[in-house]
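Fold and geometry: a report
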Amino acid sequence: MLNESLREKILRGLAAQEGKVGFYYRDLVSGETLGWHADESFLAASVIKLPIFMYLAKLDAEGALSLSERVKVREADKVPICGALPLFTDEPECDLRTLCNLMISLSDNTATNVLIERLGIEAYNRGFREMGLKKTVLQRKLFDATASAAGKENRVVPEEMGMLLEQVYRREFVNPQVSEMILDTLLLQQINHKLGGVIGYRYEIAHKTGEDDGISNDVGIVFSEEPFITCFLGNETDVFKWENFIRVTAGELAGIAID
C-alpha cells in the first residue's frame, strides 16, 4: 500500500518533470492505483511492441497464424539498431516467435517492422480494439520518416498498457499458457537501466521500454514482495532527469528507501 507521503512525493515529482509525462501504478495485491495523465495517449517509441507481440500471441492461440511460420529478413528490411538483425551480413530466415523474442528482449526495430508487414497496420489496429485498447494506435513502421513527417505516430496509453500487463500477470490474456509465454518473454528484457536501475538486482521485472529523442518510456510488472504494475511515459522531456525519477520511484514503490 502507498502511504500518503509517498503518494504526494510521486505526484510532486511528476508535476516537476519537463514536457508531457504520464504514470500509472497498480498494486496487484490490494488493487490500489495511482495515476497521472494515465488515460492520455503518448508517443510510444518501442512500447508499441508490447501490444504488437500480444496480438500476435493471441492470433497464434486462435489458429489464425502460427508463430512457427518462417520469413526471410531482407536487406531492405533492416533499419538502425536497436537489435541484432541489422548486424547480420546475410538475409536470415527466422520464425515469427524468434522475431517476437528479438523485438521484446533487444527491442529489435527490424524484427518489429517485419512483424508489422506480416499483418499490416490496419489489422493490428483492429486487433488492438479487440484487446480492449481504445487510444493505443499503430500508424507507421519504425524509422518511417515520411509517415512521421506526415504526423503519423504510434501512440500508447499508460492505463491501457497497465491493463494488458495485469491480464498477463493474472494469466487472463487469452489463456494461462499464452499469458505465461508473454510473461516469460518480457522477463528476457535486456534494457534495464530504468525500472531496473535500482531494484533490478533484487526483483524480477517483466517490462518493455521505449526510447527516442526526448522520449523515454518503461512499462512493466515488478515482482516485489507485493507485486505491482507501473507505467512511465515521457515525451518531450528531460530524459536524464525523467529516467532518474523512474529509477527512484520504482525503488520506492518496491519499498526500497532512496536517499
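From a predicted model like this one, the values you see are computed outputs, not experimental measurements.

1. What about the overall build of the protein chain?
Helix and strand counts for the protein chain stand at ten helices and nine strands. On C-alpha atoms alone, the protein chain measures out to a radius of gyration of 18 Å, which is about the 18 Å that the 2.2 N^0.38 rule sets for 259 residues. Burial status across the protein chain gives 56% buried among its 259 residues. Taking the intrachain contacts of the protein chain between residues at least 6 apart in sequence as the baseline, contacts between residues at least 24 apart amount to 60%. For the protein chain, the computed accessible surface area is about 11100 Å², with 49% contributed by carbon and sulfur atoms.

2. Notes on the nonpolar core
Ranked by size, the top nonpolar core spans 55 residues in total, and within it Ile-52, Leu-99, Met-161 and Ile-182 carry the most contacts. Those elements giving two or more residues to this core turn out to be α2 (49-62), α3 (96-105), α4 (109-119), α5 (121-130), α7 (158-169), α8 (176-186), β8 (215-222) and β9 (228-235). Of the residues forming this core, the biggest block, eight residues, is contributed by α2. Those residues in contact with Ile-52 that lie beyond four places of it in its chain are Met-103, Thr-112, Ile-116, Tyr-124, Phe-128 and Leu-138. Among the nonpolar cores identified, the runner-up in size contains 22 residues, and Phe-23, Ile-205, Trp-242 and Ala-250 belong to it.

3. Observations concerning the layout of surface pockets
Here the largest pocket defines a volume of roughly 440 Å³. Looking at the largest pocket, it is lined by 19 residues, and the ones nearest its centre are Ala-45, Arg-140, Phe-143, Glu-211 and Asp-212. Elements with a contribution of two residues or more to the lining of the largest pocket: α6 (145-149) and β7 (205-212). Among the residues making up the lining of the largest pocket, the classes are represented as nine nonpolar, four polar and six charged.

4. Concerning the pairing of strand β2 (residues 33-36)
As paired elements, strand β1 (residues 20-27) and β2 share four bridges and run antiparallel to each other. Looking at the pairing, Phe-23 lines up with Trp-36 of β2. In textbook terms, the turn of a hairpin is the stretch between consecutive antiparallel strands, and for β1 and β2 this stretch comprises five residues, one of which, Gly-31, has a positive phi near 85 degrees.

Conventions adopted
Residues numbered from 1 in each chain as written. Predicted model: local features only at pLDDT ≥ 70, side-chain atom pairs only at ≥ 80, totals over all residues. Heavy atoms only, no water. Helix = DSSP H or I, 4+ residues; strand = E, 2+ residues; numbered from the N terminus. Rg over C-alpha atoms; globule rule 2.2 N^0.38 Å. Buried < 20%, exposed > 50% of the residue type's maximum accessible area, 1.4 Å probe, protein only. Contact = heavy atoms within 4.5 Å. Areas by Shrake-Rupley, 256 points an atom, 1.4 Å probe, with all protein chains shown as cover. Core = buried A, V, L, I, M, F, W, Y, C linked by side-chain atoms within 4.5 Å. 1 Å grid on protein atoms, 1.4 Å probe; cavity = no way out; pocket = protein on both sides within 12 Å on 5 of 7 lines; lining within 4 Å. Points joined across faces, edges and corners; volume = space filled by probe spheres on them. Nonpolar A, V, L, I, M, F, W, Y, C, P; charged D, E, K, R; others polar. Pairing = 2+ DSSP bridges.

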